[in-house]
Structures are given as structure tokens and as C-alpha cells.
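# Survey of secondary and tertiary structure
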Amino acid sequence: MKYRADIDGLRAVAVVSVVLFHAHVPGISGGFVGVDVFFVISGYLICSLIAGELSAGKFSIVQFYERRCRRILPALFAMLAIVAALSSVVLLPPDLLELNGSLISSVTFVSNIFFWHNANYFAGASAFKPLLHTWSLGVEEQFYIFMPLILMLLSRGHRPKYALGLTSLAVASFALNVWTLNRAPTADFYLLPTRFWELTVGALGALATPVGLQSRAMREVVGLGGVTLCASAIVLLSEASPFPGWRAALPCMGAALIIYQGRCGTSIVTRALSARPCVFIGQISYSLYLWHWPLLALARYEVATRELTPGEIAGLLLTSFLAAVLSWHFVERPFRNRVRISSPAVVKVCGVASVVLLTMGVAQIRAHGYSLRYPEFKRQHIEGRSEYRASECFLQETQDFSAWRGQECFLTRGHGTNVLLWGDSYAAHYAPGIVDHASHAGADILQFTAIGCAPIFGYYSAAIPHCRDNNDHIPELLTKYHIRAVIMAARWESLFRRGVRPEQVAATVLRLRKLRVAVYVIGQSPLFANDVQVIFAKQDGRQMDPEATAPLAFDPRVNDMLHAALHAGTFIDPLSALCESDSCRYRRDGNFLVVDDGHLSSFGSGLAVAAYFPFMYGRTESTPSLADRGSRHP
């Protein structure tokens, strides 16, 4: 197969968009679509290679897998070994255990299945998982297993049948992708069946006859059209966008058009992508993809109490680039050279490396994450989330309104006035405190909460398919349960970061007030840069201090913005009660106030409810908000 410099250049675009997205560079909110561009490129190259050899009667599935081993495994295994060693120093024992689970899954080509299986709303933050990025390699590796078999089967027919078979599979996979997006979004993101069409788009581009773009003008239009589609996805999409679904067609079709146009002749796009800097970055793109994420994740974990500074991120990206160059020069290139390293040698090296990595992973799991490194550390079970009444009053990702248990969701009873607690898990985390302080309640508080579902009318979440419909039942609840007041709470920081505007919250408040209910909006409660137990272990190696504070991991002006927008509701600022300046207490009297990086523990929930929750301890509708009471204090 003829080498194409423009495809290396397209690889550069893909990897740079992913790296900048992971570095949180502004303006690259959809940079994650670089992975989809990689999928299209892989499909194109693999199908071109296999189809060409099948046509010539020279295809060998053994040689195919040997070439894939040369291309993928040496650099991957080198990264895994070094990252595992670094992680054994940086990560605390429980997190090292999870790292080794992902290590084993990466070696066995099922990391996408591992992360899908272990993904849930309360799982540790993805920013601290050093091998999370290997999910895409799992998808590709599984594609490499099945695609040669599919093409061998289809090659027995004529070429139109060949293309028709792949088109049928692509259409079926795309339909499954779109259908699954609102039903099982996590599976939709991670698994091969719903991603297969993206690789097949590239494969079909390899089979298409390069005709129809004979004129230079047509090539320019198609090339620029492809760039426009890719750029639109990189700039306009974000983590809040329902994805993959039909939106993944933007980068995939864009990449396919660029590749196809390059087959037909040159253009401004192909010349730009063929520039030496682009080609070089494309050549090291695989190693750069492998290295950038683990370094960012481990650094974020190590600093624990804060976000990385721009200077630190720049240094890590430079280190990633240097590591990629070294990996490409000393690992990728030698192993791809059959003269320097024979096929039997490749098989032996990869086999031995696999055994060593698997042994390392199993050994660290059996050693409980090398717990002797932190003899005083033992991850505590902190009460809190188990008291949310999950699946009954706290709806899960796939539950609709019919699962809510109505009367059984009253947290307090016997007071005559009914009040609705509405929101996501940052509303549910007040439930333990309300129950514990029920004797001091001045109303019957009804819990209607759902994972990741903001208390905003019309709010859509790709991860929570029934959120909008569930929220649409609020007017019905107000009437059925004679609700006098609504208390709204959520992880506002995340919502605003993902594009929700304070004005949308205000519009919801106004609509509720038109339904003749009082409204309270509880602002953002403290959020920390990492799990509080990790922060505590990093701050105090002996873990003896009964009191501990850490900086906020978000701009507290989030609450100021929300308060300013709420002209028609009563706003309550948790930071006024739980924080001092930009630092908040996460431990008091030897107890953790927080379960993870932000959800209140049962102990913390009790303190919060006693300090500021409406309709508790004699607070009524006339009670002024804490935001109006002066400076923040613990």
C-alpha cells in the first residue's frame, strides 16, 4: 500500500485535538472527537491492506496479526510498564488496585469492556485514572480481530457484494449507536458494536473507486468540506453533548472526505497535512496518545488538593512530547523493522512482556496495592450515599418516573406542610441529615432526586435518558402532594461548566412560583480536587489530625452568579456555613464531612442540615438566605 503523508498529517490533527482537550485548553471543547478520526484512519488503512492482499491472493491472517503486534504492542507495553511503576509510588493502595485491574484488561485487549463495566455515577473521577485512554485501543484491537474474518468472508463475492456487506454492517452499527445513546449511554460510548460503523466508514473509503474528483475545484471543495466537519466537531461539541450518536458522524465523515479526496489528487488540504511538522507529529501520534494521559492523570492525583497550573500542564505536555519521540525512535521504529527484529523475536518479546505485565498486575492486587507503603492508611467506608434511597427515591441512570415510590419518599412526617426536595445527588446528599434531624423539622419533606439530573425544566442529559421526562412530572407532584415549597439543589458548578446558564435556573424558579409554591435554591456545596481520603493521606501521612481543610476545586463565584440570577427565589449559600475564604473543612472531630470529592457524608449532611437547610430548626419562608449574613465561617 502506497504511503500517504497526508494521512500522517490527519493523525496529527487527531492527536493534537485529543491532547489539548485533555489539557483543558479553551476552545477545544470537542477535542475528544480526535479518537473518532483515529477510528476512521484505522479502518481505512486496515481495509486497504487486507483488501489489496486478498485481491492479489496473498493475504495471510497470521502475518496480519504479526504486523498488528509490531505496530501496537511494543509501545503499549513499554508505556504500561513505566506507568505501573510510577503508579505504585503515586497512587494510594485502593486506587493502585483499580489501576492494576485496568492494566490487566489493557494487556488482554478488553480495557473498553473493563471501563464500561466499572463506570458508574459515583466511580472515582476519570481524571485520575491513568489508563482510561486505553479504552479506544480495546475497540481497535477487537476490530482487528473481527475485520479480517469479515473481509475474507465477503471477498468470496464480487466487489459490489463486498462493499454492500460492509455498508450493511455499518448501517446496522450506526442504527444501534443512535438507538443505544438514550438507553445505555455508557455502553454506547465504550463498546465495539456501537463504534464499529466509525471504523467501517474508513474501510468503505478504501473500497471506493477514486473517481469523480478529477477537477481541482471539486477536490478543494471536498477537502475543505471535510476540514469544516472535523473543525465544527472539535469546536462546537463538548462533554455535555450526547455522544457518540449521530454527532459522531461529523468528525467521521469529515475524516473520510479528507482521506478520499487525498486518494483522488492533491489540494490545499492535502498539502497542508503533508507539511513536515504535521507528518512528524502524525508519526509519533500513537506514542503521544499513549503517554500524555497517564502523565496528566498521575500529576493531578499527586497534587491532590488543587488543580494543575497552566505552567505545570505545559510542562507535562512537553514531557509527553519528549516521551513520544523517544518511544517512536527507540521502540516503534525498531519493532516495525523486520530486518532488525524478526517475526519470531517479536512474538517472543510481546509474549514475555504480556506475562510480565499480567504477573505485575496480579501481584499488586494480591499485595492489596502495596498497602505497606501507607501502613496507617485504610480507606474508610464513610456513611452517606447508602442512605439516598437509591432506585426508589433517588432514581438511577435508566429509571423513569414510574420507578419513583411517592409516599414512601417522605423523609419527615407529621407536620402538615409538604415540601419537595428536587435535584441530583447533590440534593440527595441532604437526605441523611434530614432523617437524622427529623425531630427538628417544620415540614414533611418529600424526596424526588435522580442521578445526574439537574432540577431544571427542559434540561437534557445524554447520560440520563429520562431526566427531562422525569422533571416534567414536577407540576403533577406539586398538585398531588399539596406541595407548599420546593427546595432545589444540584452540582451547579458542573452544570455551568457544561453550558447551563444561571438564567435557566431562574426560569425554572419563576415557573414554580407561578404554580404558587415558595422556592429555595441551595447553591454549590464544597467540592475538592480529589477524594478527601486521598487528600488527607497526602496532607497527613500519619492521618492523625481530627480536623482538616483543603482549597475549593471550583470558583466560588458560581454561587454569586446563581444568587444574582434568582430574583424570584430564596438563595442559600452552603459555603457561608461550611467554608472560610477559599478553604473548606472536609474533616471535623475525626469524621469526614465528605464521602468522595464533594458528596456530603451522613455526618457532614447532618451539620449542613442543622446549619442552613430550610424548614429545619424553625427556619421558615421568611428566613433570610445565608448569602446575606456576612462572611463565610466554619
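Look up a bit, the structure's there.
I will try to describe carefully the structure that is included in this document. Predicted model only: the values in this text are computed from it and were never measured.

Conventions and cut-offs
- Along each chain, the written sequence defines residue order, and numbers are assigned to residues from 1.
- Residues qualify for local features only when their pLDDT is at least 70, as the model is predicted, and side-chain atom pairs are given and counted only at 80 or more; totals for whole chains, interfaces and linings, by contrast, use all residues.
- Side-chain figures throughout are based on the complete set of non-hydrogen atoms in the structure, without hydrogens or water.
- Two cysteine sulfurs form a disulfide in these notes if their separation is within 2.5 Å.
- Strands here mean DSSP runs of E at least two residues long; helices mean DSSP runs of H or I at least four residues long; both are numbered from the N terminus.
- For the exposure calls, accessible area comes from a 1.4 Å probe over protein chains only, and a residue counts as buried if that area is under 20% of its type's maximum, exposed if over 50%, partly exposed in between.
- By definition, a salt bridge exists where a carboxyl oxygen of Asp or Glu is found within 4 Å of a side-chain nitrogen of Lys or Arg.
- The span you would expect from a helix comes to 1.5 Å times its residue count less one.
- Every residue pair with non-hydrogen atoms within 4.5 Å of one another is taken to be in contact.
- The definition of a nonpolar core used throughout is a set of buried Ala, Val, Leu, Ile, Met, Phe, Trp, Tyr and Cys residues joined through side-chain atoms within 4.5 Å.

## Some details on the state of the cysteines
Taken as a whole and assessed by the stated rule, the structure comprises 3 disulfides. Bridging Cys-393 to Cys-409, the disulfide has an S-S length of 2.1 Å. Residues Cys-393 and Cys-409 share a disulfide whose torsion about the S-S bond is about -90°; that sign makes it left-handed. Placement of Cys-393 in the loop between α16 (343-366) and β1 (394-395) and of Cys-409 in the loop between β1 and β2 (418-423) is noted, with a sequence separation of 16 residues between them. Neither residue differs from the other here; Cys-393 and Cys-409 are each classed as buried. The residue that forms a disulfide with Cys-579 is Cys-584, at a sulfur-sulfur distance of 1.8 Å. Here Cys-579 and Cys-584 share a disulfide; its torsion about the S-S bond, 100°, makes the bridge right-handed. One exposure class covers both Cys-579 and Cys-584, and it is buried. Within the protein chain, bonded cysteines paired by disulfides and numbered along the sequence follow the pattern 1-2, 3-4, 5-6. Note on Cys-230: no disulfide assigned, nearest cysteine sulfur contributed by Cys-252 at a separation of 8.6 Å. With no disulfide partner, Cys-350 has as its closest neighbouring cysteine sulfur the one in Cys-69, 5.4 Å distant.

## Structural notes on the pattern of salt bridges
Applying the stated criterion across every chain yields a total of 18 salt bridges. Arg-195 is paired through a salt bridge with Glu-198; the nearest N and O atoms lie 2.9 Å apart. In this pair, Arg-195 and Glu-198 both sit in helix α9 (residues 192-207), 3 residues apart, roughly one turn of the helix. The exposure class of Arg-195 is buried, given its relative accessible area of 1%. For the salt bridge of Arg-497 with Glu-493, the shortest nitrogen-to-oxygen distance reads 2.9 Å. Residue Arg-497 and its partner Glu-493 are located together in helix α21 (residues 492-497), separated by 4 residues, close to a single helical turn. Several salt bridges converge on common partners, so that one network encompasses Asp-36, Arg-195 and Glu-198.

## Notes on helix α2 (residues 34-55)
Here α2 is 22 residues long and its end C-alpha atoms lie 31 Å apart, about the 32 Å a rise of 1.5 Å per residue gives. In terms of residue burial, α2 counts as a mostly covered element, since 19 of its 22 residues are buried. After α2 finishes, the residue Gly-57 shows a positive phi value of roughly 70°.

## Points about the side chain of Asp-36
Inspection of the secondary structure assignment puts Asp-36 in helix α2. Dropping the residues within four chain positions of it, Asp-36 is found in contact with Arg-195, Glu-198, Phe-243, Ala-248, Pro-251 and Cys-252.

## Quick word on the nonpolar core
Judged by nonpolar contacts, the single largest core of 111 residues is most densely connected at Leu-76, Phe-77 and Leu-80. Discounting residues that sit within four places of it in the chain, Phe-77 has contacts with Val-107, Cys-350, Ala-353, Ser-354 and Leu-357. Grouped together as the second largest cluster of nonpolar side chains are 93 residues, Leu-421, Leu-477, Ile-535 and Phe-615 included.

## Looking at the environment of Gly-225
Mapped onto the fold, Gly-225 is located in helix α10 (residues 216-236). Residue classification places Gly-225 among the partly exposed positions, given a relative accessible area of 26%. Sequence separation between Gly-225 and Glu-307 is 82 residues; the distance between their C-alpha atoms is 38 Å.

## Points about unusual backbone geometry
Following Phe-243, the chain continues to Pro-244 via a peptide bond in cis, the omega torsion being 10°. Mapped onto the elements of the fold, Pro-244 is located in the loop between α10 and α11 (249-264). Positive phi, normally seen in glycine, also occurs at His-24, with a value near 60°. Turning to its location among the elements, His-24 is positioned in the loop between α1 (5-22) and α2. Residue His-24 is classed as exposed on the basis of its relative accessible area, which comes to 55%. Residue Arg-389 is not a glycine yet carries a positive backbone phi of 65°. Structurally, Arg-389 is set in the loop between α16 and β1.

These figures capture arrangement, not role.
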